[in-house]
Amino acid sequence: MNASAPAWRDPKRRAWLASVLVPAVSAIGTGAIALGATSPAWYLAPLAILYLAVPALDAWVGEDASNPPEHAVPALEADRWYRGVLYATLPVLWATVAFNCVHLATVPMPAWALLATVLATGAVLGFGLNLSHELGHKRERLPRAVALVNAAVGAYGHFPIEHNRGHHRHVSTPEDPASARLGEGLWRFAVREMSGAFARAWRLEADRLRRAGRRPWHPANEILQGAALSAVLYAGAIAAYGAPMVPVIVAVAFWGAFQLTSANYVEHYGLLRRRLADGRREPCGPEHSWNSNHRVSNLLVFHLQRHSDHHAHPGRGYQALRDRAGVPRLPSGYFGMFLLAYLPPLWFRVMDPRVVEAVGGRVDRINFDPARRDALLRRLGLHEAA
């Protein structure tokens, strides 16, 4: 650290504690009913908070002006408080997901209330995968092991492998199943992303084991380790609560994984790393990720929305991620953008012109859906370079 640089203190240091309570939001409805409330409308409260109140607060509170200077980053990284916040969130997450799943499997409720609770529970399970994302980028063995265990709770144990060794290498290229293409709706993207991410994770892990002289199905395979843990957890839940727990687990785990898919869709939509003269892709730069600097939602997702800085410094902790000038900007935080993405025609109307603006109208910087390329060029008034 530069001795002449003034000391810097994170103004959000205590505010990060709000993230610890985010998973508990999904238990507002189930908790209210368990405590004696009689109106099923309580089941809608978590969705109203996450997908209506949070975007409204983002619009009202605005963007975050605080930005840690580079000289403060080493001290922020060394501060154990921030790692402690992550670890403190895990038991809240696990307890909330377990409580809601038991409620879904044992308490009669209207079909719409069941759906609302599945969506709310899956939403915070997806939030939990973001914890695995944060911990999985650390160098130490413990946080990476915790990341694998936490991902296995959502039956997504392959995620740390796929993300760290696959997505970060191929981000914003047609080769990356986790980078959305211009004109590709979320629902079509999900089919490509979910299957492609697992296949890539398996190839990467199999290659790692072969280099170590082991077969792909060796017990050291981290995908198999995660799958075994998921199987134990889910078998225990089914043994305790019977057959009604099976569709609950399947639905909640799917929607949790879909939240990760939704984040991947939003983060790099339509952005392309150009191919250089030597055939390689240009390095990933700030211009290859969509960002949101909205204060409220960034507190809830551990600065994941400062995504350009994350790709520039994958191992950097959430507390040290910085906003960057001139990067592609989303009109809202992730909670609001997910709602937009669930309605592809509205998403295209809002985001396609933003892609064109972000790349300065350069066709060679747009990752097109190949099947819609010609139609998109005409609709957006773009022309191939001569």
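To be clear, the structure that these remarks concern was listed above.
Quantities reported herein were computed from a predicted structural model and do not represent experimental measurements.

Peer 1: Tell me about the overall build of the protein chain, and name the residues and values.
Peer 2: Helix and strand content of the protein chain: 16 helices and zero strands. Its C-alpha atoms give the protein chain a radius of gyration of 21 Å, near enough to 21 Å, the size a compact globule of 386 residues would have. Each of the three principal axes of the protein chain carries a C-alpha extent, and together these read 65 × 55 × 55 Å. Across the 386 residues of the protein chain, 55% fall into the buried class. For the protein chain, the share of sequence-separated contacts (at least 6 apart) that also reach a separation of at least 24 residues comes to 71%. Roughly 17,000 Å² of accessible area belongs to the protein chain as shown, and the carbon and sulfur atoms make up 64% of that amount. A distance of 4 Å separates the average location of the 41 positive side-chain charges in the protein chain from that of its 29 negative side-chain charges.

Peer 1: Any details on the environment of F254? Residues and values, ideally.
Peer 2: Tracing the backbone through its elements, the reader meets F254 in helix α11 (residues 245-267). In this structure F254 comes out as partly exposed when scored by relative accessible area, which is 46%. In this structure the C-alpha to C-alpha distance between F254 and G315, which are 61 residues apart in sequence, comes to 28 Å.

Peer 1: Mind laying out the packing of helix α5 (residues 80-106) against helix α6 (residues 111-136), listing which residues take part and the relevant values?
Peer 2: Close contact between α5 and α6 brings their axes to 10 Å; oriented N to C, the two are set at 155°. It follows that α5 is roughly antiparallel to α6 by the angle criterion. In the crossing of α5 with α6, the sense of the turn from one axis to the other is left-handed. Within the contact between the two elements, α5 uses R83, L86, Y87, T89, L90, L93, V97, N100 and L104 and α6 uses L114, T117, V118, T121, V124, L125, F127, G128, L131, E134 and L135. Residue composition of the contact of α5 with α6, grouped by class: 13 nonpolar, five polar and two charged.

Peer 1: Hey, could you go over unusual backbone geometry for me, with residue numbers and the actual values?
Peer 2: At A155, a position not held by glycine, the phi torsion is positive, near 55°. Along the chain, A155 turns up in the loop between α7 (141-153) and α8 (159-170). The residue S172 is not glycine, and still its phi comes out positive at about 55°.

Peer 1: So, α6: which residues are in play, and what are the values?
Peer 2: Every α-helix winds through 3.6 residues per turn, so residues three or four apart in the chain are directed the same way. Here α6 is 26 residues long and its end C-alpha atoms lie 37 Å apart, about the 38 Å a rise of 1.5 Å per residue gives. For α6, a buried count of 21 out of 26 residues is recorded, marking the element as mostly surrounded by other parts of the structure.

Peer 1: Quick rundown of the pattern of salt bridges? Include the residues and the values.
Peer 2: Applying the stated criterion across every chain yields a total of 26 salt bridges. Its salt-bridge partner being E184, residue R192 comes within 2.9 Å of it at the nearest N-O pair. Each member of the pair, R192 as well as E184, is classed as buried. As a salt-bridge pair, D323 and R329 come within 2.9 Å of each other at their nearest N and O atoms. In the salt-bridge network here, residues are joined through shared partners; they are E70, D309, R316, R322 and R324.

Peer 1: Give a description of the nonpolar core that names residues and reports values.
Peer 2: If you look at the biggest cluster of nonpolar residues, it comprises 90 residues, and the most contacted ones within it are Y265, Y269 and W347. No other element matches α11, which puts 12 residues into this core. Excluding anything up to four places from it in sequence, W347 contacts Y265, V266, Y269, M337, L340, A341 and D352.

Peer 1: For the environment of V146, give the residues involved together with the corresponding values.
Peer 2: For V146, the position within the fold is in helix α7. By relative accessible area, which is 16% here, V146 ends up buried. Placed 28 residues apart in sequence, V146 and P174 show a C-alpha to C-alpha distance of 31 Å. Every residue in contact with V146, bar those within four places of it in the chain, is listed here: Y87, L90 and L135.

Peer 1: Which residues make up the packing of aromatic side chains, and what are the values?
Peer 2: Aromatic ring pairs are defined here through the distance separating the ring centres and the angle between the ring planes. Counted according to the given criterion, the structure contains 18 aromatic pairs. Each ring, one from Y51 and one from F335, has its centre 6.4 Å from the other, and the planes form 65°; the classification is edge-to-face. Taken together, the positions of Y51 in helix α3 (residues 45-61) and F335 in helix α14 (residues 334-341) put the pair 284 residues apart, joining distant regions of the chain. We classify Y51 as buried; its relative accessible area is 10%. For F335, a relative accessible area of 11% corresponds to the buried category. Between W255 and Y342, the aromatic rings sit 5.8 Å apart at their centres with planes inclined by 50°, giving tilted as the arrangement. Residue W255 is found in helix α11, and its partner Y342 is found in the loop between α14 and α15 (344-358); the two are separated by 87 residues along the sequence. Its relative accessible area of 13% is what places W255 among the buried residues. In textbook terms, an aromatic cluster arises when at least three aromatic residues are bridged by ring pairs, as seen for W16, Y82, F127, F302 and Y318. The positively charged end of R14 is found above the aromatic ring belonging to W81, 4.6 Å away from the centroid. A cation sits over an aromatic face here: R372 above F348, 5.2 Å from the ring centre.

Analysis parameters
Residues numbered from 1 in each chain as written. Predicted model: local features only at pLDDT ≥ 70, side-chain atom pairs only at ≥ 80, totals over all residues. Heavy atoms only, no water. Helix = DSSP H or I, 4+ residues; strand = E, 2+ residues; numbered from the N terminus. Rg over C-alpha atoms; globule rule 2.2 N^0.38 Å. Buried < 20%, exposed > 50% of the residue type's maximum accessible area, 1.4 Å probe, protein only. Contact = heavy atoms within 4.5 Å. Areas by Shrake-Rupley, 256 points an atom, 1.4 Å probe, with all protein chains shown as cover. Lys, Arg positive; Asp, Glu negative; His and termini not counted. Charge placed at Lys NZ, Arg CZ, Asp CG, Glu CD. Axes fitted to C-alpha atoms, helices over the stretch in contact; angles between N-to-C directions. Parallel < 35°, antiparallel > 145°, perpendicular 65-115°, else oblique. Left-handed = near helix turned anticlockwise from the far one by under 90°. Nonpolar A, V, L, I, M, F, W, Y, C, P; charged D, E, K, R; others polar. Expected span 1.5 Å × (residues − 1). Salt bridge = Lys/Arg side-chain N within 4 Å of Asp/Glu carboxyl O. Core = buried A, V, L, I, M, F, W, Y, C linked by side-chain atoms within 4.5 Å. Phe/Tyr/Trp six-rings, centres within 6.5 Å; stacked < 30°, edge-to-face > 60°. Lys NZ or Arg CZ within 6 Å of the ring centre and 35° of its normal.

Any functional reading would require information that these geometric values do not contain.
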